[in-house]
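So you can see what is in the structure, the chains are spelled out below.
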Amino acid sequence: MRRVLVVEDEESIRELIALNLRMAGYEVLEAGSAEKGLELLGSEGKCDAAVLDVMLPGMNGFSLCEAIRRDDAAIGIIILSAKSMEQDKIRGLSIGADDYMTKPFSVSELLARVEALCRRVSRGAVPESPVPESRMVSGRFVLDQKSRVLYKAGQPIDLTQVEFQIMELFFQNPGTALVREKILEGVWGDNYFGDVKIVDVNIRRLRMKIEDEPSKPEHILTVWGYGYRWNG
Ligand code: CA
């Protein structure tokens, strides 16, 4: 059964989210604080996804997100915030969240996003379709689809699931300018409601990880007003 951690101090909201997730067939771990959330992860083991409120007593949702991501590159993380500021969104995504929703939010939309994240994570599950090539090579880079690790000149680079999927898309389309909407669709799925800025944030993070000089990228090139192109 897929397991989701829900960290929210407002009990009515937490219960609403947990109830809906359980009705959709998820196992839910509930916590009213970041500290409690980390404790649960420690005692109960890993989750497939986490829904984290930003404003929490004690440690906030951003720090919690960072702490969870340090231990687990695969978990899907959605940040919930009452603030609709763009800055918050960018911050959430740049510290390792996969998605972001602003309160008040629709529960059915949250469920759709959790479902999309869990489908990508599919920890230990049988892949939906057999992987034709388990290793893809591009220049100094090797993408191992079996272990889901990217290597640069033999050195492993830790990627989140979203980052890995963007790399897969690049490796499948070397030298091709990919429009941002296509990257969004390819990684987040057709019925994703978010906006294309999430692509830019993930690209920025990928560049920090794989480029020698992230400000002068040689591998993930910007195609102005369009999208990105992979140069292996
Ligand atoms: Ca709160």
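These figures come from a predicted structure and were not determined experimentally.

## Regarding the overall build of the chain
Piece 1. Secondary structure assignment for the chain yields eight helices and 12 strands.
Piece 2. The C-alpha radius of gyration of the chain comes to 18 Å, within 12% of the 17 Å expected for a compact globule of 232 residues.
Piece 3. Projected onto its principal axes, the C-alpha coordinates of the chain cover approximately 50 × 35 × 30 Å.
Piece 4. Per-residue burial for the chain yields a buried fraction of 50% across its 232 residues.
Piece 5. For the chain, contacts bridging at least 24 residues in sequence account for 58% of all contacts bridging at least 6.
Piece 6. Here the chain has roughly 11300 Å² of accessible surface; of this, 51% comes from carbon and sulfur atoms.
Piece 7. Of the side-chain charges in the chain, 30 are positive and 36 negative, and the distance between the mean point of each set is 4 Å.

## A look at helix α3 (residues 61–71)
Piece 1. Considered for burial, the residues of α3 that qualify are Gly 61, Phe 62, Leu 64, Cys 65, Ala 67, Ile 68 and Arg 69.
Piece 2. Here α3 starts with a cap whose side-chain oxygen sits 3.0 Å from the backbone nitrogen of Phe 62, and that cap is Asn 60.

## Digging into the sheet that holds strand β12 (residues 227–230)
Piece 1. Strand order across the open sheet formed by three strands is β10-β12-β11, with antiparallel pairing between neighbours. Taken across any chain shown, the strands that pair with only one partner, and hence form the sheet edges, are β10 (177–179) and β11 (220–223). Between one strand and the next, the sheet's axes are offset by a mean angle of 35°, whatever the strand orientation.
Piece 2. Of the pairings in the sheet, the one linking β11 to β12 comprises four bridges and is antiparallel in character. Along β12, the bridge assignment pairs Leu 221 with Arg 229.

## Examining the packing of helix α7 (residues 180–188) against helix α8 (residues 197–210)
Piece 1. Close contact between α7 and α8 brings their axes to 9 Å; oriented N to C, the two are set at 85°. Taken together, α7 and α8 sit at an angle that is classed as roughly perpendicular. Each of Arg 180, Ile 183, Leu 184 and Trp 188 in α7 lies in contact with α8, whose residues at this interface are Ile 198, Val 199, Asp 200 and Asn 202.
Piece 2. Class assignment of the residues belonging to the contact of α7 with α8 gives a composition of five nonpolar, one polar and two charged.

What counts as what
Residues numbered from 1 in each chain as written. Predicted model: local features only at pLDDT ≥ 70, side-chain atom pairs only at ≥ 80, totals over all residues. Heavy atoms only, no water. Helix = DSSP H or I, 4+ residues; strand = E, 2+ residues; numbered from the N terminus. Rg over C-alpha atoms; globule rule 2.2 N^0.38 Å. Buried < 20%, exposed > 50% of the residue type's maximum accessible area, 1.4 Å probe, protein only. Contact = heavy atoms within 4.5 Å. Areas by Shrake-Rupley, 256 points an atom, 1.4 Å probe, with all protein chains shown as cover. Lys, Arg positive; Asp, Glu negative; His and termini not counted. Charge placed at Lys NZ, Arg CZ, Asp CG, Glu CD. Polar contact = N/O pair within 3.5 Å; in protein donor to acceptor, adjacent residues only side chain to side chain. Pairing = 2+ DSSP bridges. Axes fitted to C-alpha atoms, helices over the stretch in contact; angles between N-to-C directions. Parallel < 35°, antiparallel > 145°, perpendicular 65-115°, else oblique. Nonpolar A, V, L, I, M, F, W, Y, C, P; charged D, E, K, R; others polar.

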